[in-house]
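For reference, the chains in residue letters:
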Amino acid sequence: MRSLLNFLLRFKTLILFLILEAVALVMISSSHNYHQYVTFGAARTVSGFFAERLENGRSYFRLKQVNQQLVTENQILRRQIEEMRLLPQSEFVTVTDTVKGSGYSYLSATVINNSVNKQKNFITLDRGSRHGVTTGMGVASAEGIAGVIVGVSRNYSVAMSLLNTDFRLSASIARNDYFGSLAWDGNNYRFAQLSEIPHHVAVTPGDTIVSSGYSAIFPEGLVIGTLTGDQKKGGDFVTLKVELSADFKKLTNVYIISNLSRDERDTIEAEVVHE
Amino acid sequence: MNRGLNYITSFVGLMLLQLLIFNNIQLSGYVNPYIYVMFILILPLNIPSWILLLLSFMTGFVVDLFSGTFGVHTFATVMAGFARPWVLSLSVALEASDPGSSPSSHIGGRRWFIIYTMTVVLVHHLSLFYVEVFSFTGFFRTLLRVMFSTVVTTFFIFIFDLLRPRK
């Protein structure tokens, strides 16, 4: 017994080191399931407080750029309104149909914290549960899709950025509707990868990649980026390189997108799949 | 107690610097300076190793809390705290100095301090970046990130150390 104690005492530093590292490893492995980021609500409230103050100061330097983006977005929206007004009067009676039709609501939000230099990047927004934000809502800027909400506290929410190696989104090529899985490989913040595209599909550099609508988080047709033309072959599928339309280093104003029929859709999809 | 207060101030100060300024320095995705490691570097020479390890753990944990990573920084700081005594034992320059003092270029000389800093920071950044990626797929790219970040972190720690008051 005594020699055991002596042994332990001699190696106390090493033993303590191993215990602490084991604790750290447990923490790391427990957080690899991304749903558990929600447990950081308390920390997020504090860091959100500071981040918001800091962002208030920094946003003044970006006013010109933000104004420019808003002007461009206004132009696009006005054009769309015009196009809709010019549609010929239909002979069908207008029915207020809440099943098909927009079905998505948009909440504007400001980015108060963001990173692009880590493998797993997150975006903090200044909207939280008291604004109606829940996990699973999509986040997109006027330029393109940015991420998905994974954690919400009262005043702030955290979204998993598209620039996160855990991020997956069902995306399709706008021109021919072939869909694949969009992910980020951790290398360049301007490019993501669209995989599972069959290699017989003809693709042209410049093709727009949009959300396919299959994930119920984003409406279909939201822009993600454009194809660069680079592709990697792997068996029956190719992986295409996508230049992201959103510049994540300049992310400021975004929209939190809520699918009004999401619960219904999730329920029926779960029922059918688990039958 | 005055010394203790000094350390607490440096801890808080370094944390704030890290979180408000350095976390937002994103140069080309390869350079991620983590200057809070300085806290582990400047703890007294004669600190018992178990206190050193616990303080390293605490440092990493606090950074984890604010960065939203859970355990990644903790793992790296404990690794750095474990390596520190070993690196210190290799250096001859400190034999003559007061054991309760804090490692600094004012005591051991600039060249020694840079080597000491770079080594511990290297251990820390190696652990940090590889655990963050958690795989060997991006081996060389991560290695590059480690190298660049180590150099930049060491540079900033060296500058901060020069600014410390000469005892």
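Remember, it's a predicted structure, so these values are computed and weren't measured experimentally. (Residues numbered from 1 in each chain as written. Chains lettered and ligands numbered in written order. Predicted model: local features only at pLDDT ≥ 70, side-chain atom pairs only at ≥ 80, totals over all residues. Heavy atoms only, no water.)

Draft legend 1. Examining the overall build of chain B more closely. If you tally the helices and strands in chain B, you get 7 helices and 0 strands. In sequence order, the secondary structure elements of chain B are arranged as α-α-α-α-α-α-α. Summarising the internal contacts of chain B: among those between residues at least 6 apart in sequence, 70% fall at separations of at least 24. Surface accessibility of chain B: about 7,800 Å² in total, with carbon and sulfur atoms responsible for 75%. (Helix = DSSP H or I, 4+ residues; strand = E, 2+ residues; numbered from the N terminus. Contact = heavy atoms within 4.5 Å. Areas by Shrake-Rupley, 256 points an atom, 1.4 Å probe, with all protein chains shown as cover.)

Draft legend 2. Fine view of the pattern of salt bridges. Residue and element names in this part refer to chain A. Enumeration according to the criterion identifies 4 salt bridges over all chains in this entry. For Lys120, the salt bridge identified is with Asp166, shortest N-O distance 3.4 Å. Remark: Asp166 occurs in the loop between strand 5 (157–164) and strand 6 (169–173) and Lys120 occurs in strand 2 (residues 120–125); sequence separation between them is 46 residues. Since its relative accessible area comes to 24%, Asp166 is described here as partly exposed. (Salt bridge = Lys/Arg side-chain N within 4 Å of Asp/Glu carboxyl O. Buried < 20%, exposed > 50% of the residue type's maximum accessible area, 1.4 Å probe, protein only.)

Draft legend 3. Up close: the nonpolar core. The biggest cluster of nonpolar side chains holds 46 residues, and the ones touching the most others in it are Leu125, Leu162, Leu182, Leu194, Ile224 and Phe248 of chain A. The residues contacting Leu125 of chain A, other than those within four sequence positions of it, are Ala109, Thr110, Val111, Ile112, Val139, Ile149, Asn155, Tyr156, Ser157, Val254 and Ile256 of chain A. Counting 37 residues, the second-largest nonpolar core is a separate cluster that includes Ile28 of chain A together with Tyr34, Ile40 and Tyr116 of chain B. (Core = buried A, V, L, I, M, F, W, Y, C linked by side-chain atoms within 4.5 Å.)

Draft legend 4. Up close: helix 7 (residues 139–162) of chain B. Residues and elements named next belong to chain B. Here helix 7 contains 24 residues, and its C-alpha end-to-end distance of 34 Å stays within 8% of the 34 Å for a straight helix at 1.5 Å per residue. Every buried residue of helix 7 is accounted for by Arg141, Thr142, Arg145, Val146, Ser149, Thr150, Thr153, Thr154, Ile157, Phe158 and Asp161. If you follow the buried residues of helix 7, they end up packed against helix 2 (38–41), helix 5 (105–108) and helix 6 (110–133). (Expected span 1.5 Å × (residues − 1).)

Draft legend 5. The packing of aromatic side chains, seen in detail. The final tally for this structure, using the stated rule, is 11 aromatic pairs over all chains. Note on Tyr34 of chain B and Tyr36 of chain B: the rings are 6.3 Å apart at their centroids and 70° apart in plane angle, and the pair reads as edge-to-face. Judged by centre distance (5.4 Å) and plane angle (70°), the rings of Phe155 of chain B and Phe156 of chain B are edge-to-face. When the ring centre of Phe191 of chain A is taken as reference, the NZ or CZ atom of Lys241 of chain A above it lies at 4.3 Å. (Phe/Tyr/Trp six-rings, centres within 6.5 Å; stacked < 30°, edge-to-face > 60°. Lys NZ or Arg CZ within 6 Å of the ring centre and 35° of its normal.)

Draft legend 6. Spatial organisation of the confidence of the model for chain A. Averaged over every residue, the pLDDT of chain A is 82; the share at 70 or more is 87%. Scored below 50 in pLDDT, residues 90–98 of chain A makes 0 contacts in the model with residues more than four places away or belonging to other chains. (pLDDT = per-residue confidence, 0-100.)

Draft legend 7. Expanded view of the sheet that holds strand 3 (residues 138–141) of chain A. Residue and element names in this part refer to chain A. Pairing is antiparallel around the closed barrel formed by 6 strands, whose spatial order is 1-2-5-4-3-12. Averaged over all adjacent pairs, the angle separating strand axes in this sheet is 45°, with direction ignored. The sheet contact formed by strand 4 (residues 145–152) and strand 5 spans 5 bridges and is antiparallel. Bridge assignment links Val152 to a residue of strand 5, and that residue is Ser157. (Pairing = 2+ DSSP bridges. Axes fitted to C-alpha atoms, helices over the stretch in contact; angles between N-to-C directions.)

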